[in-house]
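# Tertiary structure, described
The primary structure of each chain is shown beneath.
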Amino acid sequence: MIEKCDALCQNLQSLTGINVTPIYPDEPERFAGRLCPDRFCLGCPHSHKNEFNTHFYGLSEAYRWDGKFIYYCPMAMIFVAAAILSEDGGLAGGIIAGPIVMGEPEDSICYIEHPEMRGSMEKIPRLSTAQVSQLAETLCTMTGGLYYESFTAKRSYNQQQFLNAIYDMRENCMGESEHYDYILTAESQLCTLINHHDKNGAQDLLNRLLGHIFFYHAGDLADIKARTLELIVVISRSVIAAGAHVGDIFRYNTTYLQEILSFSSIDALSRWLSDIVQRFIAVSFDYTDIKHSDIVYKTMDYIRKNCLRKLSLEEIANEVYLSKAYLSNIFKQETGISITEFINRARIDYSKKLLRETSLSLVEIANECCFGDQSYFSRVFKKYEGMSPKKYRSSRGAFTPD
């Protein structure tokens, strides 16, 4: 099936001119080996560039959102991810298409802030919003037809390690008091490892902790389910403290509660846990920063498209499925300015276009750009441009209304 996926990517790339690459959750080396050697991303100046993590985030979101996901990289290039499911409904792999410029290159943050990238950007395929959506639908349809072997042995949660942990516990059988002392100590250590972003240490301890739970309760599925739910709560709080978004974790946990009650065998439960462990580890360690960048660029894009009307923080937060406080916080961290200031800057950018290209009066432009009155418009304009709107218009040799 890997050969079929590779062939599909090559055919799509040949047809569209867009880089199309297969990706598998536990195989960053294979992903890197299939990347185009002269790709745009190779020259990316972003200080925290990590192509695999960026696209693993997109792939994970595609898995969560009906098989496809459109997202921004940290440089605001558009990518499309489509998920491939394994036999048991888990995430086996996927396909990544991009980068893509949606709209005009001149409107891109990368184009504006990194002039050295302009030559490379002009070679990137340009698609409209509708075409990007159509590409996502096409990829999703194609990956939906791919049948994949189980990737259980290759997941972060390694079944053999889990079985070894059970055997180890058998040799160190504990009484009830020792059992609960071990559980509490291990959970505390796990929280510390997660908070310190020790991915390997957290994975190893979690395997041993689950092995202990499975062995100690000797096949009692009801007890194992109860202990597993308790452990999920502990991990949830830790990954939130480590940087994962609280809204995502709560949405996951609502689904987990419903799923865990449906299992009728320990084998099915252990396979399910392998995916859950991978997902928790990922949201805590692998792509929190990437996700924040994606959310910030989506916020910027929404503001630019809607800045000529009244915008509330609540409306913008709802658009990206975050709380107002959380969005405000990560936006300020990523950009160095508040959302209100970004809205004003977007409006000023549009007003400059009107000043250069139309004969509208300052009052009309102030109203068009949603500033309310000319006085406030002039004050904000001078703050960002260092001159009044009238002086800006005259200095550009633009229209001067009678």
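Calculation criteria
Residues numbered from 1 in each chain as written. Predicted model: local features only at pLDDT ≥ 70, side-chain atom pairs only at ≥ 80, totals over all residues. Heavy atoms only, no water. Helix = DSSP H or I, 4+ residues; strand = E, 2+ residues; numbered from the N terminus. Expected span 1.5 Å × (residues − 1). Buried < 20%, exposed > 50% of the residue type's maximum accessible area, 1.4 Å probe, protein only. pLDDT = per-residue confidence, 0-100. Contact = heavy atoms within 4.5 Å. Pairing = 2+ DSSP bridges. Salt bridge = Lys/Arg side-chain N within 4 Å of Asp/Glu carboxyl O. Phe/Tyr/Trp six-rings, centres within 6.5 Å; stacked < 30°, edge-to-face > 60°. Axes fitted to C-alpha atoms, helices over the stretch in contact; angles between N-to-C directions. Parallel < 35°, antiparallel > 145°, perpendicular 65-115°, else oblique. Nonpolar A, V, L, I, M, F, W, Y, C, P; charged D, E, K, R; others polar.

## Quick look at helix α16 (residues 339-357)
- With 19 residues, α16 ought to run about 27 Å at 1.5 Å a step, and its terminal C-alpha atoms sit 27 Å apart, in line with that.
- Buried residues of α16: Ile339, Phe342, Ile343, Asn344, Ala346, Arg347, Ile348, Ser351, Lys352, Leu354 and Leu355, and no others.

## Considerations on the confidence of the model for the chain
- When pLDDT is averaged along the chain, the result is 76, and 75% of the positions lie at 70 or above.
- Mean pLDDT in the chain bottoms out at helix α7 (residues 159-171), which sits at 48, and peaks at helix α17 (residues 362-368), which reaches 92.
- Within the model, pLDDT remains below 50 along residues 147-159, and this stretch shows 40 contacts once partners closer than five positions in the same chain are excluded.

## A word on the side chain of Thr299
- When you line up the elements, Thr299 lands in helix α13 (residues 288-306).
- Looking at Thr299, the relative accessible area reads 0%, which means it is buried.

## Focus: the pairing of strand β2 (residues 68-72)
- With five bridges joining them, β2 and strand β3 (residues 78-85) adopt antiparallel strand pairing. Each residue of the ladder has a partner; that of Tyr72, found in β3, is Ile78.
- Linking two consecutive strands that pair antiparallel, namely β2 and β3, is a turn of five residues; a positive phi of about 70 degrees is found at Ala76 within it.

## Digging into the pattern of salt bridges
- For the coordinates displayed, the defined rule picks out seven salt bridges.
- Here Glu137 and Lys68 are joined by a salt bridge, their closest N and O atoms 3.4 Å apart. Residue Glu137 is located in helix α6 (residues 129-144), and its partner Lys68 is located in strand β2; the two are separated by 69 residues in the primary sequence.
- Judged by relative accessible area, which is 24%, Lys68 ranks as partly exposed.

## Description of the packing of aromatic side chains
- All told, the structure shown has ten aromatic pairs when counted by the stated rule.
- Centroid distance Phe52 to Phe56: 5.9 Å. Interplanar angle 10 degrees. Geometry classified as stacked. Highlighted residues: Phe52 and Phe56, both in helix α3 (residues 51-64), separated by four residues, approximately one helical turn. Like Phe56, Phe52 is buried.
- Seen in terms of ring centroids, Phe371 and Phe377 are 5.4 Å apart; in terms of plane orientation they differ by 40 degrees. Their pairing is tilted.
- By relative accessible area, which is 0% here, Phe377 ends up buried.
- The structure contains a cluster of three or more aromatic residues connected by ring pairs, namely Phe371, Tyr376, Phe377, Phe381 and Tyr392.

## So, the packing of α16 against helix α18 (residues 374-385)
- Look at α16 against α18: their axes get within 10 Å of each other, and the N-to-C directions meet at 95 degrees. As summarised for this structure, α16 and α18 are arranged roughly perpendicular, according to the angle between their axes. Contacts between α16 and α18 pair Glu341, Asn344, Arg345, Ile348, Ser351, Lys352 and Leu355 from the former with Tyr376, Phe377, Val380, Phe381, Tyr384 and Glu385 from the latter.
- Class assignment of the residues belonging to the contact of α16 with α18 gives a composition of seven nonpolar, two polar and four charged.

## Things to note about the environment of Thr129
- Counting through the fold element by element, Thr129 comes out in helix α6.
- Separated by 27 residues in the primary sequence, Thr129 and Met102 place their C-alpha atoms 6.3 Å from one another.
- Discounting chain neighbours no more than four positions away, the residues touching Thr129 are Met102 and Lys305.

## Some details on the side chain of Lys352
- By the secondary structure assignment, Lys352 is in helix α16.
- With residues near it in sequence (within four places) discarded, Lys352 still touches Phe381, Glu385 and Tyr392.

## Concerning the pairing of β3
- Counting buried positions along β3 yields seven of eight residues, so the element is predominantly enclosed.
- Pairing of β3 with strand β4 (residues 91-102), which is carried by seven bridges, proceeds in the antiparallel orientation. From the neighbouring strand, Ala81 faces β4, where its bridge partner is Ile96.

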